[in-house]
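In case you want the letters, here they are:
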Amino acid sequence: MQKVLSVFGCFVLIFALCAGCSRTPQVEKKTFYAMNTTMEFTVYGSASLVDDAEALINSLEDELSVTKDTSEIAQINQNGSGTVTGSTADLMGKALAMCSRTNGTLDISVYPIVRAWGFTTGSYKVPSEEELTSLLPLVDYTNVQYDEVTGEVILPAGMEIDLGSIAKGYAGQQAAELLREKGVTSALLNLGGNVQTIGSKPDGGAWQIAVKNPHNKEPMMVVSVRDKAVVTSGGYERYFEQDGKTYWHIMDPKTGRPADSGLLAVTVIGEDGAVCDGLSTSLFVMGLEKAAALWAESSDFEAIFIAADGTVYITDGLKEDFSLLSDYADTTVQVITR
């Protein structure tokens, strides 16, 4: 008997903001559903700005969704070729760059594998060996032909692509840029646990973002950020159980199966939301050693890793901006250095 578990909670808890201060500017808060998740935007500024940000998110979803038949990505998957424009073209270039940067641990062509496990439809199942064997040869982002000048995309026969692995991070970043252009200097955009901050809190303090313990979903640690994205990926975001075994949605493109890297959750902090989104997934897949090596050769992100044995690893740049909550004060924390 198959038992389906859905965890709509997110890895991120937004700590209470400064209240009761006479100088606090007007605040707008709005909760809405988009990109298959509940989003909550808190914007300090004039009226209607949060509505503008929501409208942008909805527009991007229409453009980027692989499941909307009218999107350029869906049309390319259906026809084997096509042209991307606007935000879709921008995201296509970013996604392929991330695939290359992570040596394929992020691969936009893994979509048929994810669908075979039921994570795109909700009809969860463990695919047969025969099905996985037939699909795996189609997973190789290097076979995607993309002309950045014309926007033309050509796929090998049977291949399908999906930009969803970095779409929420990209959407959060685009919404933040829109708000900044309209003069917003303080905002917190929570896209289902994919957080984008603008500036600092109205009182000048850093935003306090708490990452949850993957075992019990309780807040475990806090990271302080200003003008950054905080994105977490982990197995308990979306998963199902069958015959006493848990299967999560983060796939290893090389095996066609849920990633088994010894990590339970990865949080990435950086200025580029799309980069953080893509890295949180790919670092989870590659495991601690390779993830640490990628961080060591990079300069655009910091990371938190929660290992299966409960040990927490943080990159060196977070030492001054990281703390455990009191209930987890005895957790082993190791700092990764270059």
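For the structure, see preceding data.
The rules behind the values
Residues numbered from 1 in each chain as written. Predicted model: local features only at pLDDT ≥ 70, side-chain atom pairs only at ≥ 80, totals over all residues. Heavy atoms only, no water. Pairing = 2+ DSSP bridges. Helix = DSSP H or I, 4+ residues; strand = E, 2+ residues; numbered from the N terminus. Axes fitted to C-alpha atoms, helices over the stretch in contact; angles between N-to-C directions. Contact = heavy atoms within 4.5 Å. Phe/Tyr/Trp six-rings, centres within 6.5 Å; stacked < 30°, edge-to-face > 60°. Expected span 1.5 Å × (residues − 1). Buried < 20%, exposed > 50% of the residue type's maximum accessible area, 1.4 Å probe, protein only. Polar contact = N/O pair within 3.5 Å; in protein donor to acceptor, adjacent residues only side chain to side chain. Salt bridge = Lys/Arg side-chain N within 4 Å of Asp/Glu carboxyl O.

(A) The sheet that holds strand S19 (residues 312-315), seen in detail. Reading across the sheet, the 9 strands line up as S3-S4-S8-S9-S12-S17-S18-S19-S21 and stay open at both edges, with mixed pairing between neighbours. Among the strands making up the open sheet, the edge pair consists of strand S3 (27-34) and strand S21 (333-336). Direction aside, neighbouring strands of the sheet carry axes that sit 15° apart on average. Summarising the sheet, strand S18 (residues 302-307) and S19 pair through 3 bridges and their orientation is antiparallel. Bridge pairing links Phe305 to Tyr313 in S19. Packing against the sheet, helix H1 (residues 49-64) makes contact with S3, strand S4 (37-44) and strand S8 (186-191), and its axis sits at approximately 20° to S3. Taken strand by strand, helix H7 (residues 273-286) contacts strand S9 (194-199), strand S12 (229-234), strand S17 (263-270) and S18, and its axis lies near 160° from that of S17.

(B) Expanded view of the packing of aromatic side chains. Inspection of every chain in the model, using the stated rule, returns 8 aromatic pairs. With 5.7 Å between their ring centres and 45° between their planes, Phe119 and Phe240 make a pair best called tilted. On the criterion of sequence distance, the pair formed by Phe119 in the loop between helix H4 (111-116) and helix H5 (129-135) and Phe240 in strand S13 (residues 238-242) is long-range, its members being 121 residues apart. Among the aromatic residues, those joined into a cluster by ring pairs are Trp117, Phe119, Tyr124, Phe240 and Tyr247.

(C) Seen up close, H7. Across its 14 residues, H7 extends 20 Å between first and last C-alpha, which sits within 8% of the 20 Å expected from 1.5 Å per residue. Here H7 lies mainly inside the structure; 14 of its 14 residues are buried. A side-chain oxygen of the first residue of H7 lies 3.0 Å from the backbone nitrogen of Ala274; this N-cap is Asp272. Among the residues trailing H7, Gly287 stands out with phi positive, at a value near 90°.

(D) Layout of the pattern of salt bridges. Evaluation of the coordinates by the stated rule reveals 10 salt bridges. Lys182 serves as the salt-bridge partner of Asp52, at 3.7 Å between the closest nitrogen and oxygen. Residue Asp52 is found in helix H1, and its partner Lys182 is found in the loop between helix H6 (164-181) and S8; the two are separated by 130 residues along the sequence. Under the relative-accessibility criterion, Asp52 is labelled partly exposed at 29%. Where Asp316 meets Lys319, a salt bridge forms, and the shortest distance between an N and an O atom there is 3.2 Å. For Asp316, a relative accessible area of 30% gives the class partly exposed. Residue classification places Lys319 among the partly exposed residues on the basis of a relative accessible area of 44%. When salt bridges that share partners are traced, they join Lys30, Asp51 and Glu54 into one network.

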